[in-house]
Amino acid sequence: MSVERIDALMMKKCFLAGAKALEARKDYINELNVFPVPDGDTGTNMTMTIMAAVREINKITDVTVDNLCKAMSSGSLRGARGNSGVILSQIFRGFTKELKGLEYLEVTDLGNSIQHAADTAYKAVMKPKEGTILTVIKAGAERSVELLMEGESQDMVAFTEKVVAYMEDTLKRTPDMLPVLKQAGVVDSGGEGLMTFVRGALAALQGKEVDLDISGVDAKASPAITTGSSEDAADIKFGYCTEFIIMLERDQDKVEKELKAYLQDIGDCVVVVADDEIVKVHVHTNHPGLAFEKALTYGSLTSMKIDNMREEHQEKLIRDAETVAKQQAEEDQREDEPKEHKADGFVVVSAGDGLSDIFKDLGADEVIEGGQTMNPSTEDILQAVEKVPADTVYILPNNGNIILAAEQARNLTEDKKVVVIPSTNIPQGIAAMINFMPGQPAEENTQQMTEEMGNVKSGQVTYAVRDTRMDGQEIKQGDYMGIADKKIVAVEKSLPEVTVELVEGMIDEESELVSLYYGADVTEKDAEAVADLILKDHDDLEVEVQYGGQPVYSYFVSVE
């Protein structure tokens, strides 16, 4: 089969086929976890990222290359979760930039797009590491350059097959590039996720029968906005829930700020989120026409929807939206409470209800429930930042897999200064917030918080999901493991024993305080018993026990 060029419909088919292939294989990709712990989430993160793009693609009524590119780029960027998801979104972003204004894709367009995809992905990562998804996409770019220079074929299928074959070979060699992969006996999970998508897309390009049905896939975003209300109709101040998207027709650097200010004058519950070429809008108002007229000054409108919140909802809508409406009513109540504008605010990612309470006590304005296995998206973080009434907002990801998404949210925020404190775990986040000094310039606080959290030794305790040998330890499925500094330092059959052994390896002559944050599977009594075991041999230490409520990890441990 020879194909010299593809149109927008074939491009859409290839993308959907790749997305469905990734979704179908996400559990396998999750299992390609270097550590034998129950928190592999690369497949889940990449799937949720790409499904955010699928949602945008499925809204398109006029399928053109430009419209597809916008949906792929914007949808994946805002839905990006975890490092792998953010990098995947940057691959799509770079790929689509090269295709602007085209009606068809030919071999040269495809090859140039792959090169641009690799360049964009590498630029998104401060310290790129070889043997990862970055290496795999770079291999595709290198092979594309070679083939274009040779100029042997204008066949899209033959060209793509050669590029994919080289990428597959590179993926197989990732364990030779990263010793930790070889030790675990796996290829890079992000690279496998990318290749899973590419294999699905290639199958569609080759004319094979591919499954494009995503009706059974949970591709819906968490509803942050609802059209219902738990209030009585007579108590509703603004009666029409109005939603629409502006397709910007020219550069509008101030559109988000200007439009938000205007909508707040004619309504409430205002949400305005701008991307390079689109603006998503939600407002409760008594004059939807005024909102539309103002929006038309910035560009054309699409996806317009008006709901009369005073009318009785249909029975099915009430049943489907009951839980969400209750949550929104509570959110609306909080939003209605006057919030004093301030100099500094905090958005924090927390892994458990107890930890969330700790962060709130330390001054966090918005706490996003998330962490390992449940990474928040760029959009989740962006919305939290928007809610904080402060000139400077500090984001504490508290997980190394969330830092890139936080940085993307920072880059999308224009009306306030956003600082990402690169906390990779909960103890670091707590230390950073404790050492924040009100009144100091952001640069000084950033330096101080970052330095202080670097002085905290952090560890975690969880269980093994498979037999393996790693870091000199023989590990059996079900064993408890103590992990410190990204290494498995203790393995035992007993949870108390492994926790004490972990702490023993973390403390030194200068250590003064040990904090145990116990998880959802541990009782306070059991945690206190572990504290007693630590104090038995170290009566000069102070040991604090606090409820964290986190899943997966029985204990988060910090030593200072």
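Each remark here, short or long, concerns the structure printed above.
Note that this is a predicted model, so its numbers are computed, not measured.

Trainee: Just checking my understanding: could you explain unusual backbone geometry for this structure?
Mentor: Where the residue is not glycine, phi is negative for most of them; where a peptide bond is considered, it is trans in most cases. In this structure, Asn398 takes a positive phi of about 60 degrees despite not being glycine. Structurally, Asn398 can be placed in the loop between strand E9 (390-396) and helix H17 (403-412). The class for Asn398 is buried, based on a relative accessible area of 5%. If you check the backbone angles, Asp471 has positive phi at about 50 degrees while not being a glycine. Among the secondary structure elements, Asp471 is positioned in the loop between strand E12 (468-470) and strand E13 (473-475).

Trainee: Could you clarify how one ought to interpret the environment of Ile534 in this entry?
Mentor: Tracing the sequence through the fold places Ile534 in helix H21 (residues 524-537). Through-space distance from the C-alpha of Ile534 to that of Val514 is 9.1 Å; in sequence the pair is 20 residues apart. Discounting residues that sit within four places of it in the chain, Ile534 has contacts with Val500, Val503, Leu516 and Val543.

Trainee: Got a minute to help me understand empty space enclosed by the protein in this structure?
Mentor: Any empty space left between the atoms is revealed when a probe the size of a water molecule rolls over them. Taken as a whole, this structure holds 1 cavity of 30 Å³ or more when the rule is applied. Here the largest cavity defines a volume of roughly 500 Å³. As for the largest cavity, its lining consists of 24 residues, of which Phe95, Leu110, Phe197, Val198 and Ala201 are closest to the centre. If you list the elements that add at least two residues to the lining of the largest cavity, you get helix H1 (8-24), helix H5 (82-97), helix H6 (107-124), helix H8 (156-172) and helix H11 (189-205). Of all the elements, H11 adds the most residues to the lining of the largest cavity, at 6 residues. The residue makeup of the lining of the largest cavity, split by class, is 23 nonpolar, 1 polar and no charged.

Trainee: Is there a simple way to explain the sheet that holds strand E7 (residues 342-350) in this structure?
Mentor: Note: strands within a sheet are paired through backbone hydrogen bonds, in either parallel or antiparallel orientation. Pairing is parallel across the open sheet formed by 4 strands, whose spatial order is E8-E7-E9-E10. Unpaired on one side and paired on the other, strand E8 (366-369) and strand E10 (417-420) mark the two borders of the sheet. Adjacent strand axes in the sheet meet at a mean angle of 20 degrees, parallel and antiparallel pairs treated alike. Sheet topology places E7 next to E9; 6 bridges connect them, and they run parallel. From the neighbouring strand, Val348 faces E9, where its bridge partner is Leu396.

Trainee: Would you mind showing me how to read the sheet that holds strand E16 (residues 513-518) here?
Mentor: On the basis of which strands lie adjacent, the open sheet formed by 6 strands has the order E15-E14-E11-E18-E16-E17 and mixed pairing. Among the strands making up the open sheet, the edge pair consists of strand E15 (487-492) and strand E17 (542-547). Strand after strand, the sheet turns through a mean of 20 degrees between neighbouring axes, direction not considered.

Trainee: How should the nonpolar core be read in this particular structure?
Mentor: Nonpolar side chains tend to gather and get buried jointly when the protein is soluble and globular. Ranked by internal contacts, the top residues of the largest apolar core, which has 120 residues, are Phe15, Ile50, Leu194, Ile381 and Tyr394. Apart from residues lying up to four places away in sequence, Phe15 is in contact with Ile50, Ala53, Val54, Ile57, Met72, Phe92 and Phe197. Within the second largest apolar cluster, 23 residues are counted, among which are Ala490, Val498, Ile534 and Val559.

Calculation criteria
- Just so you know, the residues in each chain are numbered from 1, in the order the chain's sequence is written.
- The predicted nature of this model means local features are confined to residues of pLDDT at least 70 and side-chain atom pairs, given and counted, to a pLDDT of 80 or more, with totals for whole chains, interfaces and linings taken over all residues.
- Values reported for side chains reflect all heavy atoms of the structure, with hydrogen atoms and water molecules removed beforehand.
- Helix numbers and strand numbers start at the N terminus; a helix is a DSSP run of H or I with at least 4 residues, a strand a run of E with at least 2.
- Throughout, exposure labels follow a simple rule: accessible area from a 1.4 Å probe, protein chains only, divided by the maximum for the residue type, with under 20% read as buried, over 50% as exposed, and the rest as partly exposed.
- We call two residues in contact whenever any of their non-hydrogen atoms come within 4.5 Å of each other.
- A cavity here means a set of 1 Å grid points, computed over protein atoms only, where a 1.4 Å probe fits but cannot escape. A pocket is an open set with protein on both sides within 12 Å along at least 5 of 7 lines, and lining residues have an atom within 4 Å of a point.
- Grid points are joined across faces, edges and corners, and a volume is the space filled by probe spheres set on the points.
- The classification used treats Ala, Val, Leu, Ile, Met, Phe, Trp, Tyr, Cys and Pro as nonpolar, Asp, Glu, Lys and Arg as charged, and all other residues, Gly among them, as polar.
- Pairing between strands is defined by DSSP: at least two bridges between the two strands are required.
- As a rule, the C-alpha atoms of each element are fitted with a line to give its axis, helices using only the stretch in contact, and angles between N-to-C directions run from 0 to 180 degrees.
- The set of buried Ala, Val, Leu, Ile, Met, Phe, Trp, Tyr and Cys residues whose side-chain atoms join them within 4.5 Å is what this entry labels a nonpolar core.

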